[in-house]
Amino acid sequence: MKKIMFVNLYDFTSLKRVQIPLGILSLYFIVKKSEKYDVEICDFNDVYYEGILKDDSLLINIENMSNYIIQKNTDLISIYTMCNNYHIAVFLGKRIRELQPNIKIVFAGPHATMVGKETLMDFSFVDYVGLGEGEQNIIKLMDGIFNNDVDTVNGIAFRKGDQIICNWDRKDVVDLEDIAVIDFTKIGNENDKIQAMKSLDIE
């Protein structure tokens, strides 16, 4: 069974014990429920508080983060990107490709969606970019990637020869009524973080 890892980065400049983005949690449970893939979340906020990462330089932490992911023996990583951590995603993806060339690297999230084509143009180590919301397409997307057949998958940017193809029907949005309620107690330290912060993110 192929193993998928959803990666949540942290912002080195304003680190705090935050919750995993709801999008990652939603996709995690969809993949897990399908039983087609082994799936886990790597939240580097938790990794930091476990003491694996230190307040070291960017490149030292990138090395430690890369080694942490590599030791998990995953087949594909999907890195959630936002404007404040996109540069970290770039450094991390590049280093992982150097250490483990066979891992498939997907950039996803708001920032990657905005610059999907440019990401594939500029960074050869990124294999695919997830565009928009993934709840309706995540299983098809994973199937397509592992079968090397993504031509008809919605919500993905990829290379085809010398071309960069962006398949994204922006009208195909997720209906909130179709999304299962997230059980935060089933994911790592999420319940503990919610209790400690006395708050819950809403996106």
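These numbers were taken from a predicted model, which means no experiment stands behind them.

Turning to the sheet that holds strand β6 (residues 156-160), a few remarks are in order. With mixed pairing, 7 strands are arranged side by side in an open sheet as β2-β1-β3-β4-β5-β6-β7. Across the chains shown, the open sheet's two edge strands, defined by having one partner strand only, are β2 (38-43) and β7 (163-167). Pairwise comparison of adjacent strand axes, ignoring direction, gives a mean angle of 20 degrees for this sheet. As paired elements, strand β3 (residues 76-80) and strand β4 (residues 104-108) share 5 bridges and run parallel to each other. Bridge pairing in β4 places S78 opposite V106. Here helix α4 (residues 86-99) sits on the sheet and contacts β1 (3-8), β3 and β4; the angle it forms with β4, its principal contact strand, is near 175 degrees.

Per the counting criterion, the structure on display carries 7 salt bridges. For E98, the salt bridge identified is with K94, shortest N-O distance 2.8 Å. Taken together, the residues span about one helical turn, with E98 and K94 both in helix α4 at a distance of 4 residues. Within this structure, E63, K94, R95 and E98 form a network of salt bridges that share partners.

Between two packed helices, the angle of one axis relative to the other and the distance separating the axes together describe the packing. Running from N to C, helix α3 (residues 58-70) and α4 cross one another at 55 degrees; their axes reach a closest spacing of 9 Å. The orientation of α3 relative to α4 falls into the category oblique. Every pair of crossing elements has a handedness; the one defined by α3 and α4 is right-handed. In contact with L58, L59, I62, E63, M65, S66, N67, I69 and I70 of α3, α4 contributes I88, F91, L92, R95, I96 and L99. Here the residues of the contact of α3 with α4 sort into 11 nonpolar, 2 polar and 2 charged.

A few words now on α3. The first and last C-alpha atoms of α3 sit 18 Å apart over 13 residues, in line with the 18 Å expected at 1.5 Å per residue. Residues N61, I62, M65, S66, Y68 and I69 constitute the buried set of α3. Looking straight down α3, one finds that the buried residues subtend no more than 160 degrees of arc, so they occupy a single side. Buried positions along α3 lie against β1, β2, α2 (44-49), β3 and α4.

All right, on to the pairing of β6 then. Pairing geometry for strand β5 (residues 128-130) and β6, over 3 bridges, is antiparallel. Among the inter-strand pairings, G130 is bridged to a residue of β6, identified as I156. Hairpin connection from β6 to β7: 2 residues lie between these consecutive antiparallel strands, with G161 at a positive phi of about 65 degrees.

All right, on to the nonpolar core then. Membership of the largest hydrophobic core comes to 31 residues, with the highest contact counts inside it found for V7, L9, F44, I77, L92 and F107. At the level of secondary structure, the elements contributing two or more residues to this core comprise β1, α2, α3, β3, α4 and β4. No other element matches the 6 residues that α4 contributes to this core. Excluding its chain neighbours within four sequence positions, the residues that come into contact with V7 are I24, C42, F44, I69, I77, S78, I79, Y80 and L92. Within the second largest apolar cluster, 29 residues are counted, among which are L22, I145, F158 and I182.

We now examine unusual backbone geometry. Residues other than glycine seldom take positive phi values, yet E35 does so here, at roughly 60 degrees. Topologically, E35 is positioned in the loop between α1 (22-34) and β2. Phi is positive for N73, close to 55 degrees, though the residue is something other than glycine. As for its placement among the helices and strands, N73 is situated in the loop between α3 and β3.

Before going further, it helps to spend a moment on the confidence of the model for the protein chain. Model confidence for the protein chain is summarised by a mean pLDDT of 87, while 87% of its residues fall at 70 or above. When pLDDT is averaged over each element of the protein chain, β4 comes out on top at 98 and helix α8 (residues 190-197) at the bottom at 70.

Quick notes on the rules
- Residues numbered from 1 in each chain as written.
- Predicted model: local features only at pLDDT ≥ 70, side-chain atom pairs only at ≥ 80, totals over all residues.
- Heavy atoms only, no water.
- Pairing = 2+ DSSP bridges.
- Helix = DSSP H or I, 4+ residues; strand = E, 2+ residues; numbered from the N terminus.
- Axes fitted to C-alpha atoms, helices over the stretch in contact; angles between N-to-C directions.
- Contact = heavy atoms within 4.5 Å.
- Salt bridge = Lys/Arg side-chain N within 4 Å of Asp/Glu carboxyl O.
- Parallel < 35°, antiparallel > 145°, perpendicular 65-115°, else oblique.
- Left-handed = near helix turned anticlockwise from the far one by under 90°.
- Nonpolar A, V, L, I, M, F, W, Y, C, P; charged D, E, K, R; others polar.
- Expected span 1.5 Å × (residues − 1).
- Buried < 20%, exposed > 50% of the residue type's maximum accessible area, 1.4 Å probe, protein only.
- Arc of directions from axis to C-beta.
- Core = buried A, V, L, I, M, F, W, Y, C linked by side-chain atoms within 4.5 Å.
- pLDDT = per-residue confidence, 0-100.

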